[in-house]
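Structural overview
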Amino acid sequence: MREVVAGAVIGDGRLLLAQRTYPTDVAGLWELPGGKVEAGETREQALRRELGEELGIEVRVGRQLGDPVPLRADLVLVALAADLIKGSPRPEEHSAVRWVETPELESMAARGELVPADAAWLDDLIELLAVR
Ligand code: DCM
């Protein structure tokens with residue numbers, strides 16, 4: 001079973017979202033940025049590496065957020081809370097990034113603008129934003 005880690009990155013009390021460019025069924029939708037855990041890596045190491053590569057940011061990784069979401073028979077998506085420590089996200093592999101507060105997150109979810117797997121974490125994300 002392979003794992004994909006996604007970061008619920010908080011900076012200045014807001015949540016970071018990144019806009020996907022592929023595959024076509026989710027291109028244009030917004031996600032928690034992250035990527036696949038490589039052999040020999042912890043989830044935390046994988047998330048720090050992916051966020052460095054994709055966005056040029058450094059984060060402190062925290063707790064698991066919500067429940068894992070199955071993507072395929074052999075692939076599961078895990079969200080980890082994280083705090084921005086250094087850098088300002090510059091999209092290398094996404095078409096755009098944005099920082100959102102709860103009302104905007106809720107509107108985006110209601111309009112179906114989040115990738116389906118990540119939409120499962122809406123309540124957990126709202127709770128995370130509430131305590132920051
Ligand atoms: N994925 C997702 N939600 C995220 C990050 C990734 O649903 N927040 C999915 C999209 C792909 C798989 O995980 O099916 C691998 O992601 P990537 O293509 O970004 O490596």
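As the structure is a computational prediction, the values presented were derived from the model and not from experiment.

About the thresholds
Along each chain, residues carry numbers from 1 onward, in the same order as the chain's sequence is written. Given that the model is predicted, a residue must reach a pLDDT of at least 70 before its local features are reported, and side-chain atom pairs must reach 80 or more before they are shown or counted; all residues, however, enter totals for whole chains, interfaces and linings. Working from all heavy atoms in the structure, the side-chain values ignore hydrogens and water. The rule for a residue being near a molecule or strand is that one of its heavy atoms must lie within 4 Å of it. Throughout this description, a polar contact denotes any pair of N or O atoms lying within 3.5 Å of each other; where both atoms belong to protein, one of them has to be capable of donating a hydrogen while the other can accept it, and for residues adjacent in sequence the pair is counted only when both atoms sit in side chains. Per-residue and other accessible areas follow the Shrake-Rupley method at a 1.4 Å probe size, with only the shown protein chains counted as cover for residues. For salt bridges, the criterion is a side-chain nitrogen of Lys or Arg within 4 Å of an Asp or Glu carboxyl oxygen. Secondary structure is summarised from DSSP: a helix means a run of H or I of at least four residues, a strand means a run of E of at least two, and numbering begins at the N terminus for each. Relative accessibility decides the category of a residue: with a 1.4 Å probe and only protein chains considered, values under 20% of the type maximum give buried, values over 50% give exposed, and everything between is partly exposed.

What about the site of the ligand?
Near the ligand you find Val4, Ala6, Arg20, Tyr22, Glu31, Leu32, Leu71, Leu77, Val115, Ala117 and Asp118, and these make up its full shell. Arginine 20 places a polar side-chain atom, nitrogen or oxygen, 3.0 Å from an oxygen atom of the ligand. Within the side chain of tyrosine 22, one N or O atom sits 2.9 Å away from an oxygen atom of the ligand. Protein burial of the ligand: of its 440 Å² of free accessible surface, 80% is covered by the chains.

Some words on the pattern of salt bridges
In this structure the tally under the stated criterion is 10 salt bridges. A salt bridge links arginine 43 to glutamate 3; the shortest N-O distance between them is 2.8 Å. Of this pair, arginine 43 sits in helix α1 (residues 43-55) while glutamate 3 is found in strand β1 (residues 2-11), placing the two residues 40 residues apart along the sequence. Given a relative accessible area of 22%, glutamate 3 falls into the partly exposed group. The residue arginine 72 makes a salt bridge to aspartate 74 at a minimum N-O spacing of 3.1 Å.

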